[in-house]
Amino acid sequence: MSNTEHADLENLLRQAEPRPVPAPADVAAAKAALCDEWRDATGQRQRRRRLAGFAIAATVLAGLFAVYTVTRAPIVDLVEVAMIEKSYGPVYLLGEQAELRSADDLSRIVSGQTIVTGAGAGLALAWASGGSVRADENTRLRFTSDTDVFLESGRVYFDSVAGNDGGNVSRFTLLTEHGDVSHAGTQYMTAVDRDRLVVSVREGSVTIDGVYHEQTVRAGQQATLAGRQRPDVLRISRSGEAWDWVVRTAPSADVDGKTLHEFLVWASRELGLELHFEGEAERVAHEAILRGNIDTGPEDALRLRLASAALGWRIEEGVIYITD
Amino acid sequence: MAVRLDDKRLVKQLLGGDERAFDRFFDENFARLYRFALVRLADDPDAAREIAQITLSKAVRKLHTYKGESALFTWLCSICRNETSDWLAKQGRYREHIVLVEDFADVRGAVESLGTPEQMSPDRHYRRVELLRLIQVALDNLPPKYGDVLEWKYIEGHSIKEISERMRIGPEATQSLLARARRAFAEVYTSLTQGLERHESELVKS
């Protein structure tokens, strides 16, 4: 470009007006709205990609299974993901031909297995990397790996602390068709049906990576995700009727040789109650050493243990008071 | 071609959920689409804002279909053009449909194919209003940095130092950017004015 042309160009540009721009407030509003849509859109895409990944993985596994059935040689190392601590009512293992087989003799669960609980049933599992998984009646759970469980339908409760004596960080993500639920040290319940995902948190927090929305749920909150609708978050009680099935499925605690205080901490967590001592009760609880185990639920065990330690108790508005 | 590679990279980052990529995507395109719609909607700012937003909304939902065959802004303009037509149809304003020189296929092609700059030959007798408008159209059809730096320097009268600070680059890099921007502008502007001349002469003949 010659100097003349350069000067012409500059003169030309100098004649122009600045380009019109929308009002800054309008720009900010448009950007915020678009950002939400973009997050939804990319979330969906990532979900589709993940589902495609699952589909490919399923195809590969089906191929491996076909080879296995022909050669009868083990192809894949199965990983033990959980141990059954307690079960009642009809509990089934889904067979290779999609038939239901009784799981009465089952003590350990390996990756790839699907567990189905019937009407009136309940199941408590010690998760391999720490924590307790509970399944309510009419629940179908597929154990995809030692970190992930796919909840097809029903209700599941997870407590990252219960049975986690080693202080491990429990690696546990609950996958559902509506989104994935990850915890950050917590007690939470997840219920799934065809239309919605409901996550209730007692302690800590969980993150839901939903198909359409992401949502963090904190202690005392319940989030419901239903399709494209914005997540509905409510305040809930950490104890009461909605949690009764969790208490019913709680495995008995191994407290032989531990203090009464340790037992009370366990029982109050299982019941979703805050623990409060009055008078000399806390000192007594620290000094009392328990002998043997009682094979009952947390509430009955609490009554029996406190009676033998000559301590009283009452429950008021989500708090258990231990009295001397 | 470098522009499209950059566009493809930006789209890939957007699909990966990169927040900074989203900021860049919005900041570079919203105001340009607003102006693109504004002139086609008889200077109705509310409608233009709505169309720009609808365009970007549709674009983010079909980003995976962008293959880099045209510049990202051109791709957005094609969506915006359809949205504008739909909007006018819904408003019962078919008769107000505005045909602009930059909408002619051959001019669009010339503007789109940013290559080696040729000599600028602006028609000095052109109507002033149209000429000024085409300057804005040309600026919007440049890579966003080029359009901004030319506007700041020659239309708003900022110094190299001020532009350097605004761009967070050194004065020499700013000078270099301005030189590239001028060459690109010359080519786009020439394409626009030549296209307009050609179509006007065809109209006179017919």
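Everything quoted here is computed from the prediction, not taken from an experiment. (Residues numbered from 1 in each chain as written. Chains lettered and ligands numbered in written order. Predicted model: local features only at pLDDT ≥ 70, side-chain atom pairs only at ≥ 80, totals over all residues.)

Counting its secondary structure elements, chain A contains six helices and 20 strands. Look at the contacts in chain A between residues 6 or more apart in sequence, and 55% of them connect residues 24 or more apart. (Helix = DSSP H or I, 4+ residues; strand = E, 2+ residues; numbered from the N terminus. Contact = placed C-beta atoms within 7 Å.)

Moving on, we come to the overall build of chain B. On a plain count of helices and strands, chain B comes out with nine helices and zero strands. When burial is assessed residue by residue, chain B has 38% of its 206 residues classed as buried. (Buried ≥ 20, exposed ≤ 12 C-beta atoms within 10 Å, placed from the backbone.)

All names here are of chain A. Spatial strand order, 18-20-19: three strands in an open sheet with mixed pairing. Only two strands of the sheet have a single neighbouring strand rather than two, namely strand 18 (274–277) and strand 19 (312–316). Taking the axes of each pair of neighbouring strands and ignoring which way they run, one obtains an average angle of 20 degrees across the sheet. Examined bridge by bridge, strand 19 and strand 20 (residues 319–323) share five bridges and lie antiparallel to one another. The partner of Ile-315 across the bridge, within strand 20, is Ile-320. Of the strands in this sheet, strand 18 and strand 20 are in contact with helix 4 (residues 260–271), which crosses strand 18 at around 140 degrees. (Pairing = 2+ DSSP bridges. Axes fitted to C-alpha atoms, helices over the stretch in contact; angles between N-to-C directions.)

Moving on to the nonpolar core. Core analysis: the largest hydrophobic core is formed by 41 residues, its most contacted members being A:Ala82, A:Ile115, A:Val156 and A:Val199. Broken down by element, this core gets its largest block of residues, five residues, from strand 9 (residues 148–159) of chain A. Not counting residues within four places of it along the chain, the set of residues in contact with A:Ala82 comprises A:Ile109, A:Leu125, A:Ala126, A:Trp127, A:Ala128, A:Val133 and A:Phe143. A:Leu34, B:Phe22, B:Ala37 and B:Cys77 belong to the second largest nonpolar core, which has 27 residues in total. (Core = buried A, V, L, I, M, F, W, Y, C linked by C-beta atoms within 7 Å.)

Quick look at the interface of chain A and chain B now. Taken together, the contact between chain A and chain B spans 28 residues of the former and 33 residues of the latter. Breaking the side of chain A that touches chain B down by element, the ones donating at least two residues are helix 1 (3–15) and helix 2 (24–71) of chain A. With twelve residues, helix 2 of chain A is the largest single contributor of residues to the side of chain A that touches chain B. Here the residues of the side of chain A that touches chain B sort into 16 nonpolar, two polar and ten charged. (Nonpolar A, V, L, I, M, F, W, Y, C, P; charged D, E, K, R; others polar.)

So, about the pairing of strand 5 (residues 114–117) of chain A. In the case of a regular strand, side chains alternate between the two sheet surfaces. Residues and elements named next belong to chain A. Two strands pair when backbone bridges link them, and strand 2 (residues 91–94) and strand 5 are joined in this way by three bridges, in the antiparallel orientation. Counted as the bridge partner of Val-91 is Thr-117 from strand 5. Across three bridges, the pairing between strand 5 and strand 8 (residues 140–143) is antiparallel. Its bridge partner being in strand 8, Val-116 is matched across the sheet by Arg-140.

All names here are of chain A. At Asn-138, a residue that is not glycine, the phi angle is positive and equals roughly 55 degrees. Inspection of the secondary structure assignment puts Asn-138 in the loop between strand 7 (132–135) and strand 8. A positive phi angle is found at Glu-317, which is not glycine, with a value near 45 degrees.

Turning our attention to the packing of helix 2 (residues 19–40) of chain B against helix 4 (residues 72–90) of chain B. Residue and element names in this part refer to chain B. For the pair helix 2 and helix 4, the least separation of the axes is 10 Å and the interaxial angle reads 40 degrees. The angle between helix 2 and helix 4 falls in the class oblique. Like other packed secondary-structure pairs, helix 2 and helix 4 cross with a definite hand, here right-handed. Residues Asn-29, Arg-32, Leu-33, Phe-36, Ala-37 and Arg-40 of helix 2 touch helix 4, and the partners they reach there are Phe-73, Leu-76, Cys-77, Cys-80 and Thr-84. For the contact of helix 2 with helix 4, the residue count by class is seven nonpolar, two polar and two charged. (Parallel < 35°, antiparallel > 145°, perpendicular 65-115°, else oblique. Left-handed = near helix turned anticlockwise from the far one by under 90°.)

Right, let's get into the pairing of strand 9 of chain A. All names here are of chain A. Where strand 7 lies against strand 9, four bridges are found, and the strand directions are antiparallel. Looking across to strand 9, one finds that Arg-134 is bridged to Tyr-157. When strand 8 meets strand 9, the two strands line up antiparallel, connected through four bridges. Of the residues in strand 9, the one forming a bridge with Arg-142 is Phe-150. Remark: four residues form the turn of the hairpin made by strand 8 and strand 9, two consecutive strands paired antiparallel. Sheet topology places strand 9 next to strand 10 (residues 173–176); three bridges connect them, and they run parallel. Bridge pairing in strand 10 links Phe-150 to Leu-175.

Mapped onto the fold, A:Ser308 is located in helix 6 (residues 298–308). Placed 18 residues apart in sequence, A:Ser308 and A:Leu290 show a C-alpha to C-alpha distance of 9.8 Å.

Residue and element names in this part refer to chain B. Residues with a pLDDT of 70 or more make up 77% of chain B, whose mean pLDDT is 79. Per-element confidence in chain B is highest for helix 3 (residues 45–61), whose mean pLDDT is 92, and lowest for helix 5 (residues 105–112), whose mean pLDDT is 59. With pLDDT under 50 throughout, residues 114–123 is counted as low confidence; its partners more than four residues away or in other chains account for 22 contacts. In the predicted assembly, ipTM is 0.74 and pTM is 0.46. (pLDDT = per-residue confidence, 0-100.)

Residues and elements named next belong to chain A. On the secondary structure map, Glu-316 appears in strand 19. Among the residues examined, Glu-316 registers 9 C-beta atoms within 10 Å and is labelled exposed. Linking Glu-316 and Glu-274, residues 42 residues apart in sequence, is a C-alpha distance of 9.9 Å.

Before going further, it helps to spend a moment on helix 4 of chain A. All names here are of chain A. Over its twelve residues, helix 4 runs 16 Å from end to end, which matches the ideal 16 Å to within 8%, given 1.5 Å per residue. By the criterion of burial, helix 4 is predominantly enclosed, with ten of the twelve residues buried. Of all the positions in helix 4, only Leu-260, His-261, Phe-263, Leu-264, Trp-266, Ala-267, Ser-268, Arg-269, Glu-270 and Leu-271 are classed as buried. Those residues of helix 4 that are buried are in contact with strand 12 (187–192), helix 3 (244–249), strand 18, helix 5 (281–287), helix 6 and strand 20. Phi turns positive one or two residues past the end of helix 4, at Gly-272, with a value near 70 degrees. (Expected span 1.5 Å × (residues − 1).)

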